[in-house]
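Tertiary structure, described
Chain by chain, the residues:
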Amino acid sequence: MVVHNGIFENYLDLKRELADEGHIFNSQTDAECIPHLIESYMNNGCSLEEATRAAASRIDGANAVVVLSRKEPDKIVSFKLGNAGGIVIGYGESEMLLASDIAALLPHVRTVAYLAVGEMATVTRKRVQYTRIDGSAVKKSTARVSYGALTATKGEYKHFMLKEIHEQPDAVLDTLRITLPDFPFSDDRIRSFNRAIIIGMGTSLHAGMVGRMWIESLAGLACEVDNSSEFRYRDAVLDENTLVISISQSGETADTLGAMDLAKSRGARQLTLCNYEGTQSTRVADGVLPIRAGLEISVAGTKTFVCSLVTLYALAAYLGVKRGYLSEERLANIVQELLHLPEMIGQLLSDQSQYERLALKYGRRANFLFLGRGKNYPLAMEGALKLKEISYIHAEGYPAGEMKHGPISLIDRKMPVVALVPQDDLYEKMLSNVNEVKARRGSVVAVAAEGDKHISEKADEVIWIPKASANITPILNAIPMQLLAYYIAVERGCDVDQPRNLAKSVTVE
């Protein structure tokens, strides 16, 4: 019996070979080839462990595999080839457990170990043996799990997503406790960087888009951001003066790991933002910035997104100081406002009746448009992603300046438009975009700073956020995006925590 995650690239060749030996196949899946391949070696006298090792050596592609056999029922064998997702071994009391993600092991274990690429584990009730695929021994270190048993329960909340949204003030506080004594680069090395590249997928990519603007404005460092799946297949120009910053809440995102491998092969220096110690991304990068969001079970990322934003903001300020670009006075202002961030997020969570009302009003619409500018354009994309992820409504996030280049043709009475309208340097331009929507009879739900009288006269609905600087506003805007998507999904009767066709960690291409 085999549990398989990945793509078995050469399975057709091996399938033909096994069929010629008399093996009978019942499906067209690549996974079915693995137990037959192992069986062929066991029929020739190999143990389960020996047969699995022999089979693993013949498999091409990125694959994570767990194997059980009735011939040796007291043993589980697993191996990992390439970046195909995690295999986590949990050390329990008189028991050992395997899973693809640490969330599945709680609250049963406190100590875990992560299988690395090219490694194999043979697990019994009381012990685990680690080797490489070639049979050589591996010395494996373990990690202590800090999450309590209650973390893996919903408590008073209907869904994990709502619970995790409410955990964000504490999560941000934990993230703000980040210290950088072990920062992997010297001050001279930091000053030598001439470019930064941020890579990620989905929600992590949106965090990176905001991070790019912080790094450019606070650190004076040219920065670009790219989708990991695109970056890894383009001929990127990288060298030792390039800083690559990867974001992967799980640390096991296949495309991001592939992009990190490319960056490493070309000599770039790397930092990674991750929520879990010991995962694959933390082993590839030169340094790790833990986002400290705590356990997140709902598929839709909420507190991992916000904590990634906070970590990127802190990193941008740190780089700015080390590069002599950010003054001590400006740094003091940044730190002071960050200290108030958990309180401001708490204010946004205090009354959610407005979101329930908005869900009743707009929850049956077929399409949504989200608009933002500057640092809030990525939040428009994140708002659209959250809505389509958990409510199955078609939603698009656009830079508001792009509206006249196509999206404006979609606006009519049936099209709600969520406009992010903070009082920053682009405020007047966003007001102009709101006017354009209203002129075409569209409905506007604005997200704006408290006390903004102009927007309240123009928009159909206003979600108020605390007044804050232009740098903090994107973090605050994340909360309304999450709550709006959540309550609309609940109104539509959707499976909020486990949306169809989605997984928490995308561990294959």
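If you're wondering where the values come from, they're calculated on a predicted model, not measured in any experiment. (Residues numbered from 1 in each chain as written. Predicted model: local features only at pLDDT ≥ 70, side-chain atom pairs only at ≥ 80, totals over all residues. Heavy atoms only, no water.)

1. Concerning the packing of helix 5 (residues 168-176) against helix 12 (residues 328-349)
Across the interface, helix 5 lies against helix 12 with an axial gap of 8 Å and an inter-helix angle of 170°. When the axes of helix 5 and helix 12 are compared, the pair comes out roughly antiparallel. Facing Gln-168, Pro-169, Val-172, Leu-173 and Leu-176 of helix 5, the residues of helix 12 in contact are Leu-338, Leu-341, Pro-342, Ile-345, Gly-346 and Leu-349. Across the contact of helix 5 with helix 12, the residue classes break down as nine nonpolar, two polar and no charged. (Axes fitted to C-alpha atoms, helices over the stretch in contact; angles between N-to-C directions. Helix = DSSP H or I, 4+ residues; strand = E, 2+ residues; numbered from the N terminus. Parallel < 35°, antiparallel > 145°, perpendicular 65-115°, else oblique. Contact = heavy atoms within 4.5 Å. Nonpolar A, V, L, I, M, F, W, Y, C, P; charged D, E, K, R; others polar.)

2. Brief notes about the layout of surface pockets
Of the volumes computed, that of the largest pocket is approximately 620 Å³. In terms of lining, the largest pocket is formed by 29 residues, of which the most central are Met-201, Gly-202, Thr-203, Lys-504 and Val-506. Among the secondary structure elements, those contributing two or more residues to the lining of the largest pocket are helix 7 (203-219), helix 9 (254-265), helix 11 (303-322) and helix 14 (377-391). With four residues, the top contributor of residues to the lining of the largest pocket is helix 7. Along the lines of polarity and charge, the residues of the lining of the largest pocket split into ten nonpolar, 15 polar and four charged. (1 Å grid on protein atoms, 1.4 Å probe; cavity = no way out; pocket = protein on both sides within 12 Å on 5 of 7 lines; lining within 4 Å. Points joined across faces, edges and corners; volume = space filled by probe spheres on them.)

3. Structural notes on the UniProt feature "domain: Glutamine amidotransferase type-2" (unreviewed entry) in the chain
Look at the UniProt record and you will see "domain: Glutamine amidotransferase type-2" (unreviewed entry) annotated at residues 1-126. Helix makes up 23% of residues 1-126 and strand 26%, whereas the separation of the span's terminal C-alpha atoms amounts to 21 Å. (UniProt positions renumbered as here; feature names shortened; annotations may be inferred.)

4. Quick look at the UniProt feature "domain: SIS" (unreviewed entry) in the chain
With numbering aligned to this structure, UniProt lists the feature "domain: SIS" (unreviewed entry) at residues 186-325 and 358-499. Between the first and last C-alpha atoms of residues 186-325 the distance is 16 Å; the span itself is 46% helix and 19% strand. From the first C-alpha to the last, residues 358-499 spans 21 Å; its make-up is 41% helix and 21% strand.

5. Side note on helix 17 (residues 473-491)
Given a rise of 1.5 Å per residue, 19 residues ought to cover 27 Å, and the 28 Å separating the end C-alpha atoms of helix 17 matches this to within 8%. Count one or two residues on from helix 17 and you reach Gly-493, which has phi positive near 75°. (Expected span 1.5 Å × (residues − 1).)

6. Remarks on the packing of helix 13 (residues 353-362) against helix 17
Taken N-terminus to C-terminus, the directions of helix 13 and helix 17 make an angle of 50°; their axes are 8 Å apart at the nearest point. Taken together, the axes of helix 13 and helix 17 lie oblique to each other. Relative to helix 17, the crossing made by helix 13 is right-handed. Of the residues in helix 17, those in contact with Tyr-355, Glu-356, Leu-358, Ala-359 and Leu-360 of helix 13 are Pro-480, Leu-483, Leu-484, Tyr-487, Ile-488 and Glu-491. Residues of the contact of helix 13 with helix 17, tallied by class, amount to nine nonpolar, no polar and two charged. (Left-handed = near helix turned anticlockwise from the far one by under 90°.)

7. A closer look at the environment of Lys-429
Mapped onto the elements of the fold, Lys-429 is located in helix 15 (residues 427-439). For Lys-429, a relative accessible area of 47% corresponds to the partly exposed category. Distance from Lys-429 to Ala-51, taken between C-alpha atoms, is 66 Å for residues 378 residues apart in sequence. (Buried < 20%, exposed > 50% of the residue type's maximum accessible area, 1.4 Å probe, protein only.)

8. Quick word on the packing of aromatic side chains
Applying the stated rule across the entire model yields nine aromatic pairs. Taken together, a centroid distance of 4.7 Å and an interplanar angle of 55° make the contact between Phe-183 and Tyr-318 tilted. With Phe-183 in the loop between helix 5 and helix 6 (187-192) and Tyr-318 in helix 11, this pair connects stretches of sequence that are 135 residues apart. Tyr-318 matches Phe-183 in its accessibility class, with the two residues each being buried. Aromatic side chains Tyr-362 and Phe-368 sit 6.5 Å apart centroid to centroid with 75° between the ring planes, which places their arrangement in the edge-to-face category. (Phe/Tyr/Trp six-rings, centres within 6.5 Å; stacked < 30°, edge-to-face > 60°.)

9. Describing unusual backbone geometry
Despite not being glycine, Tyr-392 has its phi angle at roughly 65°, a positive value. Along the chain, Tyr-392 turns up in the loop between helix 14 and strand 16 (394-399). Judged by relative accessible area, Tyr-392 falls into the partly exposed class, the value being 26%. For Arg-441, which is not a glycine, the phi torsion comes out positive at approximately 65°. Mapped onto the fold, Arg-441 is located in the loop between helix 15 and strand 18 (443-449).

10. Here we look at the pairing of strand 11 (residues 223-227)
In terms of strand pairing, strand 10 (residues 195-200) meets strand 11 through five bridges, oriented parallel. For Ile-198, the partnering residue across the bridge sits in strand 11 and is Val-225. Between the parallel elements strand 10 and strand 11, the chain passes through helix 7 in a crossover that is right-handed. (Pairing = 2+ DSSP bridges. Right-handed = clockwise from strand over helix to strand, strands pointing away.)

11. Quick look at the sheet that holds strand 18
With parallel pairing, five strands are arranged side by side in an open sheet as 16-15-17-18-19. A strand with exactly one partner marks an edge of an open sheet, and here the two such strands are strand 16 and strand 19 (461-465). Taking the axes of each pair of neighbouring strands and ignoring which way they run, one obtains an average angle of 20° across the sheet. Across six bridges, the pairing between strand 15 (residues 367-372) and strand 16 is parallel. The partner of Leu-369 across the bridge, within strand 16, is Glu-396. Relative to strand 19, helix 13 is tilted by about 150°, and along the sheet it contacts strand 15, strand 17 (416-421), strand 18 and strand 19. Its contacts with the sheet put helix 14 on strand 15, strand 16 and strand 17, and the angle it makes with strand 16 is roughly 175°.

12. Quick word on the pairing of strand 3 (residues 76-81)
Counting buried residues along strand 3, five of its six residues qualify, which places the element largely inside the surrounding structure. The sheet contact formed by strand 3 and strand 7 (residues 119-123) spans four bridges and is antiparallel. Looking across to strand 7, one finds that Ser-78 is bridged to Ala-121.

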